[in-house]
Amino acid sequence: MKWNILHESRGRMRLHLNKKRMSLAEADQLQDYLTALPGVRTAAVYERTCDVVVVYTADRAGVVKGLAAFKFDVEALAEVPANSPRAVNREYQEKLVNMTIFHFARKLFLPAPLCMAYTLVRSVPYVFRGLRCLWRRKLEVEVLDALSIGVSMLRGDFSTAGSVMFLLRLGELLEEWTRKKSLGDLARCMSLNVDRVWQQTAEGEVLVPISQVRAGDAIVVHTGSVIPLDGKVLDGEASVNQASLTGEAEPVRKSNGAVVYAGTVVEEGQITVTVEQQAGNGRYDQIVQMIEASEKLKSSSETRAAALADKLVPYSLLGTAVTYALTRNTTRAISILMVDFSCALKLSMPLAVLSAMRECGSYHITVKGGKYLEALAKADTIVFDKTGTLTHATPTVVDVVPFGGRNADDVLRIAACLEEHYPHSMANAVVQAAAQKGINHEEMHSEVQYVVAHGIASSVAGEKVVIGSQHFVFEDEGCYIPTSESDKFDALPPEYSHLYLAIGGELAGVICIADPLREEAADVLKALRGLGIRKAVMMTGDNDRTASVIAKQVGVDAYYAEVLPEDKANYIRQAREAGQCVIMIGDGVNDSPALKRADVGFAMGSGTEAAKEAGKIVILDDNFKSIKDAIWYGRTIYHNILKFCKFQLVINVTAVIVSAIAPFFGVEEPLKVTHLLFVNLVMDGLGAIMLGNEPALEKYMKEKPRRRDESII
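Presented here is an overview of the structure given in this document. Just so it is clear, the structure is predicted and the values come from calculations on it, not from any experiment.

With that out of the way, let us pick up the packing of helix H5 (residues 112–135) against helix H6 (residues 141–154). It is at 8 Å that the axes of H5 and H6 come closest, and there the two elements cross at 135°. Taken together, the axes of H5 and H6 lie oblique to each other. In this structure, H5 crosses over H6, and the sense of that crossing is left-handed. Contacts between H5 and H6 pair Thr 119, Leu 120, Ser 123, Tyr 126, Val 127, Arg 129, Gly 130, Cys 133 and Leu 134 from the former with Glu 142, Val 143, Ala 146, Ile 149 and Met 153 from the latter. Here the contact of H5 with H6 is built from residues that sort into nine nonpolar, three polar and two charged.

Further remarks concern helix H21 (residues 544–554). Each full turn of the α-helix corresponds to 3.6 residues, which orients residues three or four apart in the same direction. Listing the buried residues of H21 in full gives Thr 546, Ala 547, Ile 550, Ala 551 and Val 554. Viewed end-on, H21 has its buried residues packed into an arc of 130°, placing them on one side of the element. The inward-facing, buried residues of H21 contact helix H15 (386–390), strand E18 (497–503), helix H20 (521–530), strand E20 (535–539) and strand E21 (558–560). Phi turns positive one or two residues past the end of H21, at Gly 555, with a value near 95°.

Moving on, we get to the sheet that holds E21. Hydrogen bonds between backbone groups are what pair the strands of a sheet, and the pairing can be parallel or antiparallel. Pairing in this open sheet of seven strands is mixed, and the strands run E12-E24-E23-E22-E13-E20-E21 from one edge to the other. Since the sheet does not close on itself, it has two edges, and those belong to strand E12 (365–367) and E21, each with one partner. Strand-to-strand twist across the sheet, computed as the mean angle between neighbouring axes with direction ignored, equals 20°. Here E20 runs beside E21; their pairing, made up of three bridges, is parallel. Within E21, the residue paired with Met 539 across the bridge is Tyr 560.

One pass over the full model with this rule turns up ten aromatic pairs. For the pair Phe 104 and Phe 166, a centre-to-centre distance of 6.2 Å together with 70° between the ring planes defines the contact as edge-to-face. A residue pair is termed long-range when its members are at least 10 positions apart, and Phe 104 in helix H4 (residues 85–109) and Phe 166 in helix H7 (residues 158–190) qualify at 62 residues. The class of Phe 166 is buried, set by a relative accessible area of 8%. Considering the side-chain rings of Phe 474 and Tyr 500, the 5.5 Å spacing of their centres and the 75° angle between planes classify their relative orientation as edge-to-face. Taken as a pair, Phe 474 in helix H18 (residues 470–476) and Tyr 500 in strand E18 lie far apart in primary sequence, 26 residues in all. Accessibility expressed as a relative area gives 17% for Phe 474, which makes it buried. Between the NZ or CZ atom of Lys 95 and the centre of the ring of Tyr 92, over which it lies, the distance is 4.8 Å. Lying over the aromatic face of Tyr 126, Arg 129 brings its terminal NZ or CZ to 4.9 Å of the ring centre.

Rules used in this analysis
- Residues numbered from 1 in each chain as written.
- Predicted model: local features only at pLDDT ≥ 70, side-chain atom pairs only at ≥ 80, totals over all residues.
- Heavy atoms only, no water.
- Axes fitted to C-alpha atoms, helices over the stretch in contact; angles between N-to-C directions.
- Helix = DSSP H or I, 4+ residues; strand = E, 2+ residues; numbered from the N terminus.
- Parallel < 35°, antiparallel > 145°, perpendicular 65-115°, else oblique.
- Left-handed = near helix turned anticlockwise from the far one by under 90°.
- Contact = heavy atoms within 4.5 Å.
- Nonpolar A, V, L, I, M, F, W, Y, C, P; charged D, E, K, R; others polar.
- Buried < 20%, exposed > 50% of the residue type's maximum accessible area, 1.4 Å probe, protein only.
- Arc of directions from axis to C-beta.
- Pairing = 2+ DSSP bridges.
- Phe/Tyr/Trp six-rings, centres within 6.5 Å; stacked < 30°, edge-to-face > 60°.
- Lys NZ or Arg CZ within 6 Å of the ring centre and 35° of its normal.

The following block contains the structure:
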């Protein structure tokens, strides 16, 4: 691709793409490409002029080389979401410009009678909403709007009535624009991050990039995996969690012919799905709709603010009556109607919460609802899973101990063949170990069955094969250790986690996995106590020996070993019933019930899709320190909201007092309603900007010297 450099300074270039025009989809694709270039800090694409501004920290030659290598991918353009932020901005920019031009053109060129007729027609919805509130015996914001517009028209001041409606529409448009933009940012954070899928072919299951899957292809989805594309079940049966899209609390059983949706998670079972739609707009749009419709977005503070806004309406009406009684000036009395307290409380606070969620997203912390930020501010108990949470998400195989006269490579081959279908850190370690040794593990088993929190069962050459925990293999499945090798079994190194493989009821091998503690775990827990966390608990399905070592190193108050998923969920339920506000942190399928049960569930980014779906906050970059950052921010945002409310109350009270007492200080000419309304909207907007865009987390991050993509202790 050819570029012209229009302007250049140190670390910054403005370029023009040699192209006559650029579509919104092309601009989005170019934006994503530039942002992903090594060394590029920020990139802005202006599709109207085909210009690009790149700010970089790397070597200039590398950036120029990356620019020259860019080419538009025609197939990928079809996958760009239809409601992308760029498209939303274009839509609302045009609406804003058209509204403003039409308003002033109408006032300048339209004859007075036609202006009056237009104002009457435009006022009908406002008056109707006000009357509807009165009919329901409610005094809400719509009553104030209807009164100010109606009284202005009754006095023959159609210009003021028209200007009031224009400013109200302008405020609504700006609020809607900001909300849409925030929703778009959230949707991108919550969109699927599935790169590859298992495709069903004549040769068996093949792992392919999702971009290669076309409508009509068959894909296989295993336990714990997200369904990446919309489709119908061709074969198999599974329990699918659809809560993210439908709100259903319980998993839904899906079998042949059932419709499944992208973004839902297979909690149990395995299905083959016939794809109906390629990757692209569907999932993004579904998430936007889910966020817009979901009550999860509203925290109790937002709900209370909306209720308080409506409760203040009678006081605005009382102020209007008192002002008229004192001044006998209708215009001044109407002004009081416009200086109400509801706009700031009812409109700006939800925007502030959305902006807070968006800011968290910029630090790889996805928050799925405002009420979860509020819960973080109240949390006093935290429960940790061990594997992949307190310990590194990339455990490694350090030894394979064969039993029954078998070869270590054969044990690893069979184990990898079974484990490759399940997205868990321990399973990934086994598959990676086989790959490093060059062991080919072609499909040699029948259909596999995943037993949550226990292991996997299948059959190879007619013999039953199980792999999993000691409890699962020896107690649940009744497998035994070869009698002549009991001493060998007792000599297994205790410092490692063990994965047991049994064939035909006999132990075939033990895979020793190093599961080292995260270096920062103890410091993070110490910092959490400084934020108000009074109790820290670790719960794991691992054996007591390993669990006790990790618990001591981290410094938790209590630990529980060899627990089942329901044990974790029951502990959290009991803690909540005792009045504790509980945070649960996990990464596996077995953590999903506990993540759902907790006041706030944190899912690690390297975890299973089931955990990330169940979690209400997802640490996308798997940075353990981000847990503390999120809790700190949850506590901070509501402190900022309190400051914002005080700011708005001071502004509005001042405006009311000035408007009411001005005649007593010799100011006889009242402020016009439109002037006062404009000032009020500007100040409300300024307050919303101060709150919604206050870089609280940014400021917090910059207090310590570090890179933007890191967290601090």
